[in-house]
Amino acid sequence: MYKQIQLNGITKTYGKQNVKTVALNDISIRLHKNNLTSIVGSSGSGKSTLLSIVGTLEKPTKGTVYYDEKNISEIRANQLSELRNIHIGFIFQQFHLLPALTAIENVLAPLFHRKTSYNKNTKAKELLELVGLSDKLHALPSQLSGGQQQRVAIARALIAEPDWILADEPTGNLDTETSEKIIALLMEIKQQTACGILLVTHDIALSRQADRIIEMKDGQIIADTRINNNLVQTND
Amino acid sequence: MIKWIVSHWKRDTGKFALLVIGALLISSGLSILIGLSESSKGTIVNSLEKKWNASYDIVVRPSGTKSETEKDGLIDPNYLSGLQGGISFDDLDKIKEIDDVEIAAPISILGFSSIIEIFGEVHFPESGIYKITTNYVENDGVRDYSDGYTAYYGFDIGLNHEDMDIISRYGLFASTEENLELHGSFTFLVAGIDPAEEAQLVGLDEAVDGSRYFSDSDKVHSINETSQGDEELEELGLDFNYKRVTAPVIMSNFSFVNNYQEAILEKLDLETDLESEEDIKEFLTELEQNGKEDYLDTFETEPVETVKATSEELHENLLEQSSLGAYRDLILYEKPSPLTYKAVPSPFPERWNIAYEIVPPANQTVNIPGEKNGDISDYTYYTKYRELAFYDDPSLSRAPRLTPDFLDYYDPRQLSISSDPVTELPMETYRTPTAKHMLDASNSPVNPPKQVTATSNPFGYLMQSPTMLTTMEAARKIMGEEAISAVRIKVSGVNSPGPESQSKLEAVAQEIRSETGLEADITLGSSPQPVLIKIPSVDDLDSLGWVEQPWIKTGESIAIYDEAVLGYSGIIICLMAVAIMYVFTTNLIAFLSRKKEFAVLKAVGWRNSKLRHLLLTESMLIGGFVSFLTFIVLLILRQENPESLSIWRICLIICFILLIYFVGALYPSYLVHNISPHQVMKQGEVSAKGARFGRTNGVVSLARNNLISRWTRNLVSVLAISLPTALLILFLFVSFQLNGVMYTSWLGEYVALEIGSMHYYAIILSLIIAIMTTAELIWQNVLERTREIALFKALGWGNPRIYMMVLLEGAILGLISGIVGIFLSIGILSYLYGDSLSFGQWLWLVLINVGIPVVVGLFSAVFPSIRAVNIEPYRGLE
C-alpha cells in the first residue's frame, strides 16, 4: 500500500543530442492517494509523459521517483512489473483491450498466472457489474462500443485492487455524454475503493471534478490548484 | 496458458489458417523428403544389387596388366579374355588364406583351338566335274568376314580317289561316293576354372545340362609326345615335341558368334559329256596341259545344290561331335592377347566424353627359328588388332594338345549372373561383350546404330567368351605354375554397395596387394559407362569407324552413393534451413504484429518472463502439431519400407522439428525485453522511425526505402529465398552442366532419372516455403503501413501504383536475394569444382540466380499487394 508518490527533479528528454525534445523539465511534485488529481494541458505539454513516469512505464532521464520511501529508479524491470501489477491500474485513451479476448478475459489479463487471496472470476464479474457490463461478460472488444470498451478497461484497471489508478485521457475517444458517465464511474470507484486517481485530460470541464488540478505547459507545471477542501490537505 | 493461446487462435482464424498451412508444408515436406530420401537410398542400393552387381567383389590380375585407360577408372569389359596367365598357384593360396575372402575363383585363359567340323553334305547327281565353293562367313554387325575355298571334284569318271597324285596332276579331287561330307574349321576359346569355386561364384554346377559336372574323380593326365630320339620318326623328317593333356571339359551350349557356313555345288558345263573313257582321258590331258584349276575356272557352271549351316546348327554340330568324342587332338595354338588403347579426342564430346582408339601392333611378323622370317598376314586371322601370341610357334609342332574328356554342356544363360538385357554389365567371364557401331570411318553417324558382336578371330577387337571349360589342374599342366590369368574374389559379409562394404573391400584388396604384389581392383558397384572406341585400319582392312561399348567404370556406385548422400544431405539441410527461417519469420511476424498487445500486457504488470513463456509455449504448440503430423506421415511411410526408416530416426526428426520451433521463438522472446510499456501511450504516428537511403521521389525509391527501413526482417526473407536458389543452381550444375558423376555412366543416368527429380521437388518445396516466408514479411510490412497506404490513396494514388509499389518491394527483395544467391552458389561451386566454369555456365548461373528469386519475390508480393490495394482511404484519417 503506497500512500504517496513523490517526484523529485524529473527531466525527460527524447531523441539524440542534435534533435533533442524536452518533454519534462525539472518537475517535482507529490501525489497523495486520497486525491483525485487531474493533469491538464495542451497536447505536447508533457502530461502523458508525466503519467508514464509516475506509472513506471518509463524511466526519467534525470530525477527520482519515490513510492512512499521506495526509490523506484533503483528497482529492476521485473520488480517494476510486479509493482505495476499490484499497485497500479492503467486506463488508456485508446482502451487497449486485447482484441482476441472477451470482456471478462481482458479484465482478468493482469492476474493471469497470479495467485490472489480472492476469487478472480467472482471479482471480475463484480467489477464488470460495477461498470455496468454484467450482460457483456463474453463479448469481444469488437462487439462493444467505445464507452463499453473503456468500462472494460476500467474494470481491468481495478482487478488487482490497486492503490492507484492512472488514466490517460480516458474520455479522449468518447463523446461528451459517455465521458461524463465514465468520470462519474471513476468518482464512484474512488469512493468505493479509496484508491488514488491520477487523471490526464485536456478537458477543463472534466478536470474540475478533481480534488487537485495540475496544469502543465512545455514540460513544466504552471499551476497546482486544490479544489475541494473537504478532504485532507497535503502540502508540497 | 495453453487455454489462453488456443482461444487466441480460435478468434483469429485467418492467422491460424496461415499457421496451419505453413505447419503442414513444413511437416509434409520434411517427412516426405526424409521418407523419400530413405527409400531412394534403398532404390540406389537395390538397383546396384539387382542390375549392376558383378558376381564378384574384387578382381585380382597379374601386375603390369593395367591398361592406359584405367587412369580414367575405366576397364575394358573384355579384359579377362586377354590375360595370358601370370598369377601363380602360391599367390592363389595366399589369397585364399586372407580373412574375409569367401570365394577366390581363379580363371586361366588357355587360348584358342580350332577344330574341323562336318557341317553338311552334298550329293553328286550324275557323273561329271563339279565345283564346290565353301565359304565360312562371320559377321560382326558391320561387315562380313569370309574365308573360303573352291575345290573341283570329278565324280564317277573312273578316277581312283585313293590316288593322291590326281590333285596335283589335274587340280581336282576324285570321288566315287554320291555323298560328300563338308568340313569347316572353327576357332573357340578354352579356359580353366576351379569347379568348386566357380560353382559357388556363379552356380556353374547348376547350369550344366545334365547331371555331370566336374568331380574329384575326374583325372587329368599329361604326357610328352616327341619325335626327338625316335629314329624312325626323325628319318621321316618329322619334328614334334609337345605336351598332351587329357582333361575333363564342359562346353557352352550357346554360341555368341554370328556365323554361317555355306557350300555351293555346281556342275561344270563341259563340251564333252565324259561318257567314254576316251573322252575322259582327252579331257584330263587337256586339263593337265592347260593349267589345272585355272583351266577349270574358265568353264561355265550350272548350280546343283546349296548347303548352309547357321550359327546354331554349327554350334550344335560342334557339341554333338564333341560329346561323341570326335576330337581327341585339340591343338592349343593362339594365346590370349590384350588390346592396346590410346586416348583420342572424342568426335562428339557432348555424347561421349571419353574416346579411345585401338592401337594395333605395326607390321607383325613371325619369327620361326630355323625357318624363314616373314609376314604372316597370309595366316587365317582376319584382322590383327592384337599382338599375335602363340604357343611356341605357328608350325603347330610344339603347341600343346588337349584331349578333352567331355562331361556335359552348360548354359551360360542360366548362370546366376546379372542378366538384365538393357543394362548388362559385361564384366562377366561368361558373356561376350557387345558394342554398337555408331559412326563410320568418316565420323558420320550410322543410322540406326548396329549391334556389333565378337567374332572367332583370336586377335579381333571383340573377344568371344570361352566355349570350352576345363579344370585348373589341366591349366597348370598346360601352362605351368603361373597359369592363372585372374582371380575373382567374393568377400564375406559384403552384400550391397555402400561405404561399409567399400572400406571392407579396400582392406581386403590392400592385403592382397601387399601379400602377393598383384593388382587388386574392387569391382563391386561398378557401372557400365559408354565409351567410344575407334576401330582403326589394320592390314588391308579400312577403319570400321567408331563403336560404342559399355565399359566398366570402377567405384561408380560408391561415387554415386556418395553423390546421392551428399545431394540428399544438402537437400535436407537446405530444407531445414529454410524451415528454420520460416519458423523464425513467422514467430518474428507474430511478435511484431502483437507488439502493441505485449506493451499493454507489460503496462498492466506482466513480467518479461511471462511474455517469453507465452511466446515459447505458442511456438512449441505449433511445433508439437507439426511433429505430430510428421510423425504420422513417417509412420505411414515406414509401413512400406520398415528397414529404411527406424523409429530412432523418426524420433530424431521429431526432436529436430521441436528444436526448430523452440529456436524460432527465442529471438522474439528476447525482443520482449525491448518493448517499452510506454508505447501504449503513443498515438500511432504514420511512420515511427526509419532509415533512409537516398531521396524518395518515385515508386521505385519508395519501395526501396520501405525495404531499407525494415532491413533486419527483410534480411530473413533474402536468406530464405537465396538459399534454395543457390542449391537449385548447384543441382542443376551437378546434373547437367558439369557432367558430374551422375550423367556420364548408365548407372548414374538411371539413378538420376529415378530419384533426381526428388531433388527438384525439394527445391520447389523450399522455394514455396520461401514464398510463404517472404509473403508473410511483406504482408506485415503492408499491415504496418496501412495508414501510410491509406494516406497515399487519400492523396489520390491509383490502385496500379499501389500494386506497383508492393510488387516492386517483392521484386527488389528477390533481386537482392539473387545477388546473395550468386555469391552463395559461386562459393559452393568453386569449392566443389574449382574454377572450371565456362562463360556459358556463368551466364546460366547469373540468369537462374536472378530470375528465380525475382519471380519468387513477385509471387510473395501478390497477396500483400491485393491487401494493400483494398485498404480504404479513410483508414488513414481515423
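Residues numbered from 1 in each chain as written. Chains lettered and ligands numbered in written order. Predicted model: local features only at pLDDT ≥ 70, side-chain atom pairs only at ≥ 80, totals over all residues. Heavy atoms only, no water.

Enquirer: Can you walk me through the sheet that holds strand β5 (residues 144-155) of chain B in this structure?
Expert: Strand pairing in a sheet is mediated by backbone hydrogen bonds. Such pairs are either parallel or antiparallel. All names here are of chain B. The strand order across the open sheet built from 5 strands is β6-β5-β4-β10-β11, with neighbouring strands paired in mixed fashion. Across the chains shown, the open sheet's two edge strands, defined by having one partner strand only, are β6 (173-175) and β11 (301-310). Averaged over all neighbouring strand pairs, the angle between strand axes comes to 25°, with direction disregarded. In the sheet, strand β4 (residues 128-139) pairs with β5 via 12 bridges, with the strands oriented antiparallel. Paired with G128 across the two strands is F155, which belongs to β5. Those strands touched by helix α9 (residues 311-323) are β4, β10 (259-268) and β11, and its axis lies near 70° from that of β11. (Pairing = 2+ DSSP bridges. Helix = DSSP H or I, 4+ residues; strand = E, 2+ residues; numbered from the N terminus. Axes fitted to C-alpha atoms, helices over the stretch in contact; angles between N-to-C directions. Contact = heavy atoms within 4.5 Å.)

Enquirer: Would you mind showing me how to read the sheet that holds strand β8 (residues 196-201) of chain A here?
Expert: Residues and elements named next belong to chain A. In space, the 6 strands of this open sheet follow the order β6-β7-β8-β3-β9-β10, with mixed pairing throughout. Lying at the two open borders of the sheet, with one neighbouring strand each, are β6 (88-91) and β10 (220-226). Here the strands of the sheet are splayed against their neighbours by 15° on average, with no regard to which way each runs. Sheet strands in contact with helix α5 (residues 146-158) are β6 and β7 (164-168), and its direction is about 170° off that of β6.

Enquirer: Can you help me understand the nonpolar core in this one?
Expert: Nonpolar side chains in soluble globular proteins tend to end up buried together. All names here are of chain B. In terms of nonpolar packing, the biggest core is built from 55 residues, with W4, I26, F591, F598, L601 and Y661 touching the most fellow members. Residue assignment for this core shows that the elements contributing at least two residues are α1 (2-11), α2 (13-51), α12 (556-593), α13 (595-603), α14 (608-640), α15 (647-671), α17 (711-737) and α19 (746-784). If one sorts the elements of this core by residue count, α12 sits on top with 11 residues. Two domains each donate at least three residues to this core, and these are domain 1 (1-54 + 555-678) and domain 3 (705-878). Grouped together as the second largest cluster of nonpolar side chains are 47 residues, I87, A104, I115 and L518 included. (Core = buried A, V, L, I, M, F, W, Y, C linked by side-chain atoms within 4.5 Å. Buried < 20%, exposed > 50% of the residue type's maximum accessible area, 1.4 Å probe, protein only. Domains from an automatic or database assignment.)

Enquirer: It is not clear to me how the pairing of strand β1 (residues 4-14) of chain A should be interpreted in this structure. Could you clarify?
Expert: Residues in a regular strand point their side chains to alternate faces of the sheet. Residues and elements named next belong to chain A. For β1, the tally of buried residues reaches 9 of 11 residues, placing the bulk of the element in the interior. As defined by bridge partners, β1 adjoins strand β2 (residues 21-32) across 8 bridges and the pair is classed as antiparallel. When the bridges of β2 are listed, Q4 appears paired with H32. Between the antiparallel neighbours β1 and β2 lie 6 residues, among them G15 with a positive phi of about 85°.

Enquirer: Please clarify how the environment of B:T467 should be interpreted in this entry.
Expert: Residues and elements named next belong to chain B. Topologically, T467 is positioned in the loop between β19 (445-452) and β20 (468-471). The class for T467 is buried, based on a relative accessible area of 7%. Remark: the alpha-carbon pair of T467 and M251, spanning 216 residues in sequence, is separated by 5.6 Å. Beyond its immediate stretch of four places on either side in the chain, T467 contacts F188, L189, I250, M251, S252, H315, L318 and Y410.

Enquirer: Whenever I open this one, the interface of chain A and chain B confuses me. Can you help?
Expert: You'll often see interface size given as the accessible area lost when the parts meet. Contacts between the two partners involve 29 residues from chain A and, on the opposite side, 24 residues from chain B. Carbon and sulfur atoms supply 59% of the area that chain A and chain B bury against each other, a total of about 2,500 Å² over both sides. Joining chain A to chain B, the criterion identifies 1 salt bridge. Residues B:R607 and A:E82 are paired through a salt bridge, measuring 2.7 Å at the closest nitrogen-oxygen approach. Mapped by element, the contributors of at least two residues to the side of chain A that touches chain B are α1 (47-54) and α2 (77-87) of chain A. The element that contributes the greatest number of residues to the side of chain A that touches chain B is α2(A), accounting for 5 residues. Looking at side-chain class alone, the side of chain A that touches chain B contains 13 nonpolar, 10 polar and 6 charged residues. (Buried area = accessible area lost by both parts, 1.4 Å probe. Salt bridge = Lys/Arg side-chain N within 4 Å of Asp/Glu carboxyl O. Nonpolar A, V, L, I, M, F, W, Y, C, P; charged D, E, K, R; others polar.)

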